[in-house]
Amino acid sequence: MAEGGGGSRRRAPALLEAARARYESLHISDDVFGESGPDSGGNPFYSTSAASRSSSAASSDDERERPAPPGTAPPSYAADPLELEEDETGGGWSAVLRDRPSPRFEDTGGPTRKMPPSASAVDFFQLFVPDNVLKNMVVQTNMYARKFQERFGSDGAWVEVTLAEMKAFLGYVISTSVSHCESVLSIWSGGFYSNRSLALVMSQARFEKILKYFHVVAFRSSQTTHGLYKVQPFLDSLQSGFDAAFRPSQTQVLHEPLIDEDPVFIATCTERELRKRKKRKFSLWVRQCSSTGFIIQIYVHLKEGGGPDGLDALKNKPQLHSMVARSLCRNAAGKNYIIFTGPSITSLNLFEEFEKQGIYCCGLLSSRKSDCTGLPPSMLTNPATPLARGQHQIRTKGNMSLICWYNKGHFRFLTNAYSPVQKGVIIKRRSGEIPCPLAVEAFAAHLSYICRYDDKYSKYFISHKPNKTWQQVFWFAISIAVNNAYILYKMSDAYHVKKYSRAQFGERLVRELLGLEDSSPAH
């Protein structure tokens with residue numbers, strides 16, 4: 001029953017405070033990387049506070065709205081009776097809504113190991129890339145150099161690499177993520193990106209020799225058919241490090257992290273240079289803890305290749321993305337995690353499969369990008385009657401809810417993680433509160449978080465761009481390891497000794513890898 005205007009006004013502050021409290025529990029702060037900055041504004045229907053900036057032009061608040069009657073919240077809208085009957089009889093979908101609790105989660109997320117206040121940047125990095133992994137790189141690089149010279153002739157300038165040189169080599173390449181300089185050789189150039197203190201540790205000629213022979217796996221074994229065999233053991237080791245160092249919160253996101261090209265290079269290079277630049281032959285997907293930003297799992301998919309998992313065998317993208325989602329969630333079963341997904345992954349069959357494994361989902365649907373098999377057709381078409389912002393329609397099937405919600409456009413969601421009865425609210429800068437189901441509010445909070453995270457996260461990918469695909473994957477994985485190391489550092493006692501920003505942490509890590517700094521953050 002609708003309330004009077006006075007009752008609605010009295011209820012508004014309490015509703016706003018409750019929404020803000022939920023937001024605080026749903027997403028990470030803007031300061032995850034130690035410096036604030038504007039978010040991407042890529043979310044078409046959401047902003048987290050009354051003070052936040054308006055969303056994209058596609059949903060500008062200047063657009064003419066259809067207001068609800070004064071003093072009332074916009075109601076759910078009713079479907080045509082014939083459509084309702086079709087939904088209920090066609091696939092088991094019903095308009096009857098029943099409250100259900102969200103899946104219980106009793107695990108405590110966060111770092112699994114208490115790092116001492118004296119822990120250095122390299123200590124956090126070596127939680128994921130320890131000395132035994134670096135020593136293996138030394139062995140494999142020296143082995144490859146020997147075999148290369150046996151085949152193509154002796155290289156009199158080559159001397160076998162040592163562990164200290166391998167650490168310095170990694171430090172030099174990681175430095176491009178802080179300086180945002182595409183060529184690591186600029187360190188020795190004497191130009192704008194030169195760094196004399198770094199250049200003195202190793203000569204440019206020695207660095208180039210190590211770069212020439214650098215390998216993680218020198219040779220393919222007879223049993224290996226995987227296209228990433230030269231880097232897969234490192235990815236497996238990195239995954240073990242992620243699993244051992246951190247326990248995620250209940251809410252997580254599957255997405256492709258934004259990997260920006262260097263803006264200075266793109267702005268200054270010629271069209272011919274852009275054409276010559278090789279496109280990546282792989283896509284990188286992650287499962288990410290949405291309360292800390294820690295990337296829990298990485299999945300690399302080669303865009304070219306045969307076999308049952310190759311893109312040639314998976315002609316439609318929903319099928320490919322469902323395979324990616326299964327791979328990313330293979331260690332998530334039985335823990336009552338809630339996974340947020342984009343349109344390319346969201347599908348009824350996948351969500352039902354995950355629910356049987358104790359994994360719950362909330363995803364945005366698109367009739368163009370999503371696999372809509374098993375969903376009622378009446379919910380996938382826009383109603384002819386004009387709607388007010390906040391109006392919604394819900395159909396349920398077991399624990400699954402299909403939501404169509406209007407906010408300057410129709411947004412559809414599929415979820416088995418949130419009750420279809422519970423209400424939420426979206427807070428807009430100009431128009432105030434827009435009512436919605438709780439699942440919509442939760443999804444919006446996580447989408448806004450990913451936009452902000454990507455803006456900062458993409459800044460610190462290593463800018464070095466090798467031509468070999470396995471090396472590109474390796475350096476992207478190293479970038480993720482450094483970001484994860486910083487997140488653990490911010491949750492440790494070491495952060496309270498000396499509060500480094502993400503850029504400062506990267507600079508310190510480089511200097512420690514090159515042996516230019518002591519190991520105490522209190523320096």
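Residues numbered from 1 in each chain as written. Predicted model: local features only at pLDDT ≥ 70, side-chain atom pairs only at ≥ 80, totals over all residues. Heavy atoms only, no water.

The name recorded for the protein chain in UniProt is PiggyBac transposable element-derived protein 5, from Mus musculus. Regarding the protein chain, the relevant UniProt record gives this comment under Subcellular location: "Nucleus". (UniProt positions renumbered as here; feature names shortened; annotations may be inferred.)

K.L.:
Please clarify how the packing of helix α8 (residues 232–245) against helix α14 (residues 469–490) should be interpreted in this entry.
P.N.:
It is at 11 Å that the axes of α8 and α14 come closest, and there the two elements cross at 15°. In terms of orientation, α8 lies roughly parallel with respect to α14. Relative to α14, α8 is oriented so that their crossing is left-handed. Within the contact between the two elements, α8 uses Phe 234, Leu 235, Leu 238, Phe 242 and Ala 245 and α14 uses Val 473, Phe 474, Ala 477, Ile 478, Ile 480, Ala 481, Asn 484 and Leu 488. When grouped by side-chain class, the residues that make up the contact of α8 with α14 number 12 nonpolar, one polar and no charged. (Axes fitted to C-alpha atoms, helices over the stretch in contact; angles between N-to-C directions. Helix = DSSP H or I, 4+ residues; strand = E, 2+ residues; numbered from the N terminus. Parallel < 35°, antiparallel > 145°, perpendicular 65-115°, else oblique. Left-handed = near helix turned anticlockwise from the far one by under 90°. Contact = heavy atoms within 4.5 Å. Nonpolar A, V, L, I, M, F, W, Y, C, P; charged D, E, K, R; others polar.)

K.L.:
Is there a simple way to think about the environment of Ala 244 in this case?
P.N.:
When you line up the elements, Ala 244 lands in helix α8. Judged by relative accessible area, which is 55%, Ala 244 ranks as exposed. Distance in space between the C-alpha atoms of Ala 244 and Arg 113 is 8.7 Å, their sequence separation being 131 residues. (Buried < 20%, exposed > 50% of the residue type's maximum accessible area, 1.4 Å probe, protein only.)

K.L.:
It is not clear to me how unusual backbone geometry should be interpreted in this structure. Could you clarify?
P.N.:
Working note: non-glycine residues mostly have negative phi, and peptide bonds are mostly trans. With a phi angle near 60°, Asn 336 is a residue other than glycine that sits in the positive phi range. Summarising the element assignment, Asn 336 is placed in the loop between α11 (317–328) and β6 (337–341). A positive phi angle is found at Lys 408, which is not glycine, with a value near 55°. With respect to the helices and strands, Lys 408 occurs in the loop between β9 (400–406) and β10 (410–415).

K.L.:
Would you mind going over the pairing of strand β5 (residues 295–302) with me for this structure?
P.N.:
Regular strands place side chains that alternate from one sheet face to the opposite one. Buried residues dominate β5, accounting for seven of its eight residues. Sheet topology note: the strand β4 (residues 282–289)/β5 ladder contains seven bridges and is antiparallel. The partner of Leu 284 across the bridge, within β5, is Val 300. Between β4 and β5, which pair antiparallel one after the other, the connecting turn spans five residues, and Gly 293 there sits at a positive phi close to 90°. (Pairing = 2+ DSSP bridges.)

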